[in-house]
Amino acid sequence: MEHLIRALIEGDRPRSVFAVERLIKAGTDRELIITEGLEVAMKRLESKCTLEQFNLLEIMVAGRAVMEVMNYIYPEGSRPVSTKGKVIIATLEGDVHDLGKNILRMVLIADGYHVVDCGKDCPLNVLVSTAKRENARAVCISGLITSLIPLVRKVKSSLHRAGLTGIPVIAGGAALKMASAGSLNVDVVCDSAFDAVNWLDNEEVRKE
Ligand code: B12
């Protein structure tokens, strides 16, 4: 895993894919590659991304290597037909981080969900109107900066005002997973994309 992490940090795409190929051959599962590999690599770049020091190029190059690895472990052609309903995903207005959201999208699609991606920096009203138009089964918010928390707290009430009272709101991403569901006014906070899949898969069981 350390080979993968180092190749990602250096933004070396061929070496990253080679390292992941070896991990898969050795039987490492995709969840571990994402949580112990991709997430850890990006976390190590934290010091390059502060308000004082900002090395955009290095971070962007590593981000591209992360997405190349994701495309390798979730190849386009292998995606199942979506049968489990529509999930809306976004990072809210003011937050341009989207690597975690893009990973969430691929994990949800691979599990049979139809994903409508509102993108990054998404205004709340666009999120709500999309959820209404698409008859969404759930809304997922990815949040990487803490200053966005007040806006996250408004998601549920904005959905309610639009008459969407039955749609669960799921929060995740480095900034939101430090908070409780109650303090964010969401239904659940998930550590990883896989936790959201498990939560959604078990929703029907919980309702019974
Ligand atoms: C990459 C990065 C960037 C890139 C983003 C590129 C991109 N396309 O996303 C760039 C360079 C653009 C960037 C910009 C900035 N960044 Co930045 N960035 C990061 C960094 C280093 C990594 C984030 C990342 O991609 N992680 C990898 C992904 C895979 O992890 P993840 O998002 O957590 O996602 C996983 C899970 O959490 C989960 N998940 C994610 N979302 C969701 C949602 C749901 C519903 C679920 C279920 C699961 C889930 O799934 C993923 C896989 O399991 C972090 C450091 C860190 N520790 O996070 C700082 C960090 C987030 N950035 C930070 C800052 C300050 C900024 C800037 C303000 C810097 C500046 N000087 O301008 C700007 C913000 C601009 C803005 N308005 O948004 C701070 C935020 C501090 C805070 N607590 O508020 C951090 C924490 C760095 C630090 N020094 O502390 N950044």
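Presented here is an overview of the structure given in this document. (Residues numbered from 1 in each chain as written. Predicted model: local features only at pLDDT ≥ 70, side-chain atom pairs only at ≥ 80, totals over all residues. Heavy atoms only, no water.)

Our focus in this paragraph is the site of the ligand. The full set close to the ligand counts 37 residues, and Glu39, Glu46, Cys49, His97 and Asp98 are the nearest of them. The separation between a nitrogen atom of the ligand and a polar side-chain atom of serine 142 is 2.7 Å. Between an oxygen atom of the ligand and a main-chain N or O atom of threonine 146, the distance comes to 2.9 Å. In this structure the site holding the ligand corresponds to the largest pocket. (Near = heavy atom within 4 Å. Polar contact = N/O pair within 3.5 Å; in protein donor to acceptor, adjacent residues only side chain to side chain. 1 Å grid on protein atoms, 1.4 Å probe; cavity = no way out; pocket = protein on both sides within 12 Å on 5 of 7 lines; lining within 4 Å. Sits in = over half its atoms within 2 Å of the grid points.)

Donor atoms from the polypeptide that bind the cobalt atom of the ligand are Cys49 (SG) and His97 (NE2), placed at 2.3 to 2.6 Å. One can describe the site at the cobalt atom of the ligand as octahedral: its 6 donor atoms subtend angles covering 81 to 176° at the metal. Taken together, the residues cysteine 49 in the loop between α3 (30–43) and α4 (56–73) and histidine 97 in the loop between β1 (86–90) and α5 (99–110) connect sequence positions 48 residues apart. Under the relative-accessibility criterion, histidine 97 is labelled partly exposed at 31%. (Donors = N, O, S within 2.8 Å, 3.2 Å for Na, K, Ca; no water. Tetrahedral: all angles 85-135°; square planar, octahedral: opposite > 155°, others 65-115°. Helix = DSSP H or I, 4+ residues; strand = E, 2+ residues; numbered from the N terminus. Buried < 20%, exposed > 50% of the residue type's maximum accessible area, 1.4 Å probe, protein only.)

Moving on, we get to the pattern of salt bridges. Per the stated rule, a full pass over the model turns up 17 salt bridges. Residues joined in a network through salt bridges with shared partners are Glu2, Arg6 and Arg44. (Salt bridge = Lys/Arg side-chain N within 4 Å of Asp/Glu carboxyl O.)

Within the secondary structure layout, aspartate 95 lies in the loop between β1 and α5. One buried charge, aspartate 95, has no salt-bridge partner; the nearest side chain with opposite charge is lysine 120, at 9.3 Å. Ignoring any residue separated from it by four or fewer positions in sequence, one finds aspartate 95 in contact with Lys120, Asp121, Ser142, Gly143, Leu144, Ile145 and Leu148. (Lys, Arg positive; Asp, Glu negative; His and termini not counted. Contact = heavy atoms within 4.5 Å.)

Take the sheet that holds β1 next. One open sheet accounts for 5 strands, arranged β2-β1-β3-β4-β5; its pairing is parallel. Two strands bound the open sheet, and with one partner strand each, they are β2 (114–117) and β5 (188–189). Of the strand pairs in this sheet, β1 and strand β3 (residues 138–142) are connected by 4 bridges, and their pairing is parallel. Bridge pairing in β3 places isoleucine 89 opposite cysteine 140. Helix-sheet contacts for helix α6 (residues 124–133) involve β1, β2 and β3, and the interaxial angle to β1 is about 170°. (Pairing = 2+ DSSP bridges. Axes fitted to C-alpha atoms, helices over the stretch in contact; angles between N-to-C directions.)

The next thing to look at is the nonpolar core. Residues Leu4, Ile34, Leu38, Met70, Leu108 and Ile170 are the most contacted members of the largest nonpolar core, which totals 38 residues. Counting residues per element, the ones that place at least two in this core are α1 (2–9), α2 (13–25), α3, α4, β1, α5, β3 and α10 (193–201). If we ignore the near neighbours within four places in the chain, the residues touching leucine 108 are Val87, Ile89, Tyr113, Val115, Val197 and Leu200. Core analysis: the second largest hydrophobic core is formed by 26 residues, Val116, Ile149, Ile167 and Leu176 among them. (Core = buried A, V, L, I, M, F, W, Y, C linked by side-chain atoms within 4.5 Å.)

Right, let's talk about the layout of surface pockets for a bit. By volume, the largest pocket amounts to about 1700 Å³. Lining the largest pocket are 49 residues, and of these Met42, His97, Leu99, Leu144 and Ala174 sit closest to its centre. Secondary structure elements with two or more residues in the lining of the largest pocket: α3, α4, α5, β3, β4 (169–172) and α10. It is α4 that contributes the most residues to the lining of the largest pocket, 7 residues altogether. A class-by-class count of the residues in the lining of the largest pocket yields 29 nonpolar, 11 polar and 9 charged. Residue-level mapping places the lining of the largest pocket at the junction of two domains, with at least three residues from each of domain 1 (2–73) and domain 2 (86–207). (Points joined across faces, edges and corners; volume = space filled by probe spheres on them. Nonpolar A, V, L, I, M, F, W, Y, C, P; charged D, E, K, R; others polar. Domains from an automatic or database assignment.)

Over its 13 residues, α2 extends 18 Å from the first C-alpha to the last, a length consistent with the 18 Å expected when each residue adds 1.5 Å. Residues Ser16, Val17, Ala19, Val20 and Leu23 constitute the buried set of α2. Angular distribution of buried residues about the axis of α2 spans 160°; they occupy a single face of the element. For α2, the exposed residues lying more than 90 degrees away from the buried face are Pro14 and Lys25. Structurally, α2 contributes buried residues whose contacts are with α1, α3 and α4. Taking the backbone nitrogen of arginine 15 as reference, a side-chain oxygen 3.1 Å away marks aspartate 12 as the first, capping residue of α2. Positive backbone phi, at 95°, marks glycine 27, one or two positions downstream of α2. (Expected span 1.5 Å × (residues − 1). Arc of directions from axis to C-beta.)

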